[in-house]
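Coordinates in review
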Amino acid sequence: MRIFDPHIHMTSRTTDDYERMAAAGVRAVVEPAFWLGQPRTSVDSFVDYFDSLIGWEPFRAGQFGVRHHATVALNPKEANDPRCRPVLDLLPRYLEKDGVVAVGEIGYDSMTPEEDEVFAAQLALALAHDLPALVHTPHRDKARGVERTLAVVAESGIAPGRVVLDHLNEVTVELVRDTGCWLGFSIYPETKMSPPRMVELLKRYGTERMLVNSAADWGRSDPLLTRATGEAMLLAGFDADDVDRVLWRNPVEFYGRSGRLDLRDVDAPESTFAGNSILRGGS
Ligand SMILES: [Zn+2]
């Protein structure tokens, strides 16, 4: 099983996680810039963070045979902090970097006027830099958040096929399915979306434009839930090609739209892939 985790915050994970992920078949990841759990007090803090997302973290991942890309943005939560707003002026510099494959995470947290402004400004940046956009949907008041998100996306003029709405569930999937946007699902250990629930959604809506991620961070999360979802798919009667589409080819197609995805040496089909053979124990 070859796995591309399209949304995972490796900065907050250990090298043991990289090792276990590689052994489970994770060959590539996208790490979106996000909130760090406590407020940043200046723009300089973003500079160091973005630098580590395109420098140190790809190096760390590479030691385990995992290819690492990033997305950069001012996240929705910190869009409300005036100290962070100047980050918008810093972004163009990072959006030109090779390892940056989208603008994200952007979108809504509490749906404030400040978030409106910053969301629209960053969709404009995605257009200007010809990059896809990774859009976080709020965990509270989800349906209203998704409706408002779709309206802002439509207004921006960005092609829906270059946008993923993430953290969807059984309710919000209905709102996004026919818009042409990509559908992202974050699989969590105890709450929200689980592998069996994800399998039900794939049965009902098919595999097209569907992305599955672990969204693992410093909270309760599990970077191996992509693999668990692939296994649940197989048990439910999907074949290996369906699993490969959802866990590999779909994220490759979506982030490939940046023109910057570099998967040399990691994208060979399972049967011929030599990477991580020691870690994988031949399995
Ligand atoms: Zn995230």
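What counts and what doesn't
Residues numbered from 1 in each chain as written. Predicted model: local features only at pLDDT ≥ 70, side-chain atom pairs only at ≥ 80, totals over all residues. Heavy atoms only, no water. UniProt positions renumbered as here; feature names shortened; annotations may be inferred. Donors = N, O, S within 2.8 Å, 3.2 Å for Na, K, Ca; no water. Helix = DSSP H or I, 4+ residues; strand = E, 2+ residues; numbered from the N terminus. Buried < 20%, exposed > 50% of the residue type's maximum accessible area, 1.4 Å probe, protein only. Pairing = 2+ DSSP bridges. Axes fitted to C-alpha atoms, helices over the stretch in contact; angles between N-to-C directions. Parallel < 35°, antiparallel > 145°, perpendicular 65-115°, else oblique. Left-handed = near helix turned anticlockwise from the far one by under 90°. Contact = heavy atoms within 4.5 Å. Nonpolar A, V, L, I, M, F, W, Y, C, P; charged D, E, K, R; others polar. Salt bridge = Lys/Arg side-chain N within 4 Å of Asp/Glu carboxyl O.

An unreviewed UniProt entry annotates the protein chain as TatD DNase family protein of Micromonospora marina. On record in UniProt, under Sequence similarities (unreviewed entry), the comment for the protein chain is "Belongs to the metallo-dependent hydrolases superfamily."

1. Examining the coordination of the zinc ion
With distances of 2.1 to 2.2 Å, the protein atoms coordinating the zinc ion are His7 (NE2), His9 (NE2) and Glu105 (OE). Mapped onto the sequence, the donors of the zinc ion take the spacing H-x1-H-x95-E. In this pair, His7 is assigned in the loop between β1 (3-5) and α1 (15-24) and Glu105 in strand β4 (residues 100-107), connecting sequence segments 98 residues apart. By the burial criterion, His7 is buried, and Glu105 matches it.

2. Quick notes on the sheet that holds strand β6 (residues 163-166)
Strand order in the open sheet formed by 8 strands is β1-β2-β3-β4-β5-β6-β7-β8, with parallel pairing between adjacent strands. Looking at the sheet topology across the chains shown, the edges are occupied by β1 and β8 (210-213). On average, each strand axis in the sheet is inclined to that of its neighbour by 25°, with strand direction left out of account. Alignment of strand β2 (residues 26-32) against strand β3 (residues 67-72), held across 5 bridges, turns out to be parallel. For Ala28, the partnering residue across the bridge sits in β3 and is Arg67.

3. A word on the packing of helix α9 (residues 225-235) against helix α10 (residues 240-256)
Between α9 and α10, the least distance of the axes is 9 Å, while the angle of their chain directions is 150°. Accordingly, the angle class assigned to the pair α9 and α10 is roughly antiparallel. α9 and α10 meet at a crossing whose hand is right-handed. Residue-level inspection shows Thr226, Gly230, Met233 and Leu234 of α9 in contact with α10, the latter providing Ala240, Asp242, Val243, Val246 and Leu247. The class makeup of the residues in the contact of α9 with α10 is 6 nonpolar, 2 polar and 1 charged.

4. Quick notes on the pairing of β3
The buried fraction of β3 amounts to 5 of the 6 residues, a majority that puts the element mostly inside the structure. In the sheet, β3 pairs with β4 via 3 bridges, with the strands oriented parallel. By the bridge assignment, Thr71 is partnered in β4 with Ala102.

5. Structural notes on unusual backbone geometry
Of the consecutive residues Gly104 and Glu105, the connecting peptide bond is found in the cis state with omega at -10°. Here Met111, not a glycine, exhibits a phi torsion of approximately 60°, which is positive. Along the chain, the position of Met111 falls in the loop between β4 and α5 (113-128). Phi at Asp141 is positive, roughly 50°, even though this residue is not glycine.

6. Remarks on the packing of α5 against helix α6 (residues 142-156)
Here α5 crosses α6 at 40°, and the two axes come no closer than 10 Å. Our classification of the angle between α5 and α6 gives oblique. Read as a crossing pair, α5 and α6 show a hand that is right-handed. Between α5 and α6, the contacting residues are Asp116, Phe119, Ala120, Leu123 and Leu127 on the first element and Arg148, Thr149, Val152, Val153 and Ser156 on the second. Across the contact of α5 with α6, the residue classes break down as 6 nonpolar, 2 polar and 2 charged.

7. Focus: the pattern of salt bridges
Under the counting rule described, the total for this entry stands at 22 salt bridges. Ionic pairing is found between Asp81 and Arg83, a salt bridge with its closest N-O pair at 3.0 Å. Accessibility expressed as a relative area gives 15% for Asp81, which makes it buried. For Arg83, a relative accessible area of 41% puts it in the partly exposed group.

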